[in-house]
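# Geometric and topological summary
What follows is the residue order along each chain.
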Amino acid sequence: GQQLNQSPQSMFIQEGEDVSMNCTSSSIFNTWLWYKQEPGEGPVLLIALYKAGELTSNGRLTAQFGITRKDSFLNISASIPSDVGIYFCAGQLSFGNEKLTFGTGTRLTIIP
Amino acid sequence: GAVVSQHPSRVICKSGTSVKIECRSLDFQATTMFWYRQFPKKSLMLMATSNEGSKATYEQGVEKDKFLINHASLTLSTLTVTSAHPEDSSFYICSASEGVAGVNEQFFGPGTRLTVL
């Protein structure tokens, strides 16, 4: 099935640094979502974006819905150890169609 | 609120046996439930979408006779992996949605790790 391309695939950063990751698609999505998954658990929703150009924050997290509707980015400021995990973007093709297409994931590791 | 549980959390079975995985929405009624499969260090891949009281819609390449899905009530969906083989070993995750107009959020369960020997 289709997947969204995320970059980078993995990141190794020091505590306190800012993080930036993005997600691109060949198809237009009307909703973009960012999830975090920890080992052995299901993904947890971080931020949902519903409108092209929208910029939304949730604490230290900021995400934007690209104008073209084919991309999105997620920034994490001042990273802390509990930010470790795998971050997935996900898109919904059309409003009301709940099917999610997930990105390939970005694995975040924080170096002590 | 919006808690989804899965049972069992992990299961080990012999090749050729069938395994049933349950997905429950604990504090809301889920009109739609989704089943995903995730291989190690890979992304989540949607297997099927099920609506309460109707047949599941399977994604291309997913064998409906092998992965039986039942969504008999608004709080329970089951996935049965029939005649499991080692290549079916994976992390199976369900999600549930209330399907309220304008609200499409899916709430994910904690996953079930299946190991087929």
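Look above for the structure.
The shown structure was predicted, so the numbers you read here are calculated from the model rather than taken from an experiment.

### Section: the overall build of chain B
A tally of helices and strands in chain B yields zero helices and eleven strands. Listing each helix as α and each strand as β along chain B from the N terminus yields β-β-β-β-β-β-β-β-β-β-β. The C-alpha atoms of chain B give 13 Å as radius of gyration, which agrees with the globular expectation for 117 residues (13 Å, within 12%). Dimensions along the principal axes, computed over C-alpha positions, put chain B at roughly 40 × 25 × 25 Å. For chain B, the residues scored as buried account for 49% of the 117 residues in total. By sequence separation, contacts in chain B at least 24 residues apart represent 55% of the contacts at least 6 residues apart. For chain B, the computed accessible surface area is about 5700 Å², with 52% contributed by carbon and sulfur atoms. Both charge centroids of chain B, one from 11 positive and one from 10 negative side chains, sit 9 Å from each other.

### Here's the deal with the sheet that holds strand E3 (residues 19–25) of chain B
All names here are of chain B. The antiparallel open sheet is built from four strands, whose spatial order is E1-E3-E8-E7. Single-partner strands in this sheet number two, and they are strand E1 (4–7) and strand E7 (67–73). Shown here is a sheet whose adjacent strand axes are inclined to one another by a mean of 15°, direction ignored. Alignment of E7 against strand E8 (residues 76–81), held across five bridges, turns out to be antiparallel. Counterpart to Asn-70 in the pairing with E8 is Thr-78.

### Some details on the interface of chain A and chain B
If you look at the interface, chain A gives 20 residues, while chain B gives 23 residues. Carbon and sulfur atoms make up 54% of the area that chain A and chain B hide from each other, which totals about 1700 Å². On the chain A side of the interface with chain B, the three residues burying the most area are A:Glu98, A:Lys99 and A:Phe102, jointly 31% of the side's total. Measuring nitrogen to oxygen at the nearest pair gives 3.2 Å for the salt bridge that ties A:Lys99 to B:Glu59. Seen at the junction of chain A and chain B, the total is three residue pairs in polar contact (both at pLDDT 80 or more). Listing elements by their share of the side of chain A that touches chain B, those giving two or more residues are strand E4 (31–37), strand E9 (85–92) and strand E10 (100–102) of chain A. Along the lines of polarity and charge, the residues of the side of chain A that touches chain B split into seven nonpolar, nine polar and four charged.

### Thoughts on the state of the cysteines
Per the counting criterion, the structure on display carries two disulfides over all chains. Covalent S-S linkage joins A:Cys23 and A:Cys89, the inter-sulfur distance amounting to 1.9 Å. Its S-S torsion of about 50° marks the bond between A:Cys23 and A:Cys89 as right-handed, since a negative value means left-handed. Note that A:Cys23 is positioned in strand E3 (residues 19–24) and A:Cys89 in strand E9, a separation of 66 residues in sequence. As far as the burial class goes, A:Cys23 and A:Cys89 line up, both buried. Across a sulfur-sulfur distance of 2.0 Å, B:Cys23 and B:Cys94 are joined as a disulfide pair. Note on the B:Cys23 and B:Cys94 pair: the S-S dihedral is about 80°, so by sign convention the disulfide is right-handed. Here the residue B:Cys23 occupies a position in strand E3, and B:Cys94 occupies one in strand E9 (residues 90–97), the gap between them amounting to 71 residues.

Criteria and thresholds
Residues numbered from 1 in each chain as written. Chains lettered and ligands numbered in written order. Predicted model: local features only at pLDDT ≥ 70, side-chain atom pairs only at ≥ 80, totals over all residues. Heavy atoms only, no water. Helix = DSSP H or I, 4+ residues; strand = E, 2+ residues; numbered from the N terminus. Rg over C-alpha atoms; globule rule 2.2 N^0.38 Å. Buried < 20%, exposed > 50% of the residue type's maximum accessible area, 1.4 Å probe, protein only. Contact = heavy atoms within 4.5 Å. Areas by Shrake-Rupley, 256 points an atom, 1.4 Å probe, with all protein chains shown as cover. Lys, Arg positive; Asp, Glu negative; His and termini not counted. Charge placed at Lys NZ, Arg CZ, Asp CG, Glu CD. Pairing = 2+ DSSP bridges. Axes fitted to C-alpha atoms, helices over the stretch in contact; angles between N-to-C directions. Buried area = accessible area lost by both parts, 1.4 Å probe. Salt bridge = Lys/Arg side-chain N within 4 Å of Asp/Glu carboxyl O. Polar contact = N/O pair within 3.5 Å; in protein donor to acceptor, adjacent residues only side chain to side chain. Nonpolar A, V, L, I, M, F, W, Y, C, P; charged D, E, K, R; others polar. Disulfide = S-S within 2.5 Å.

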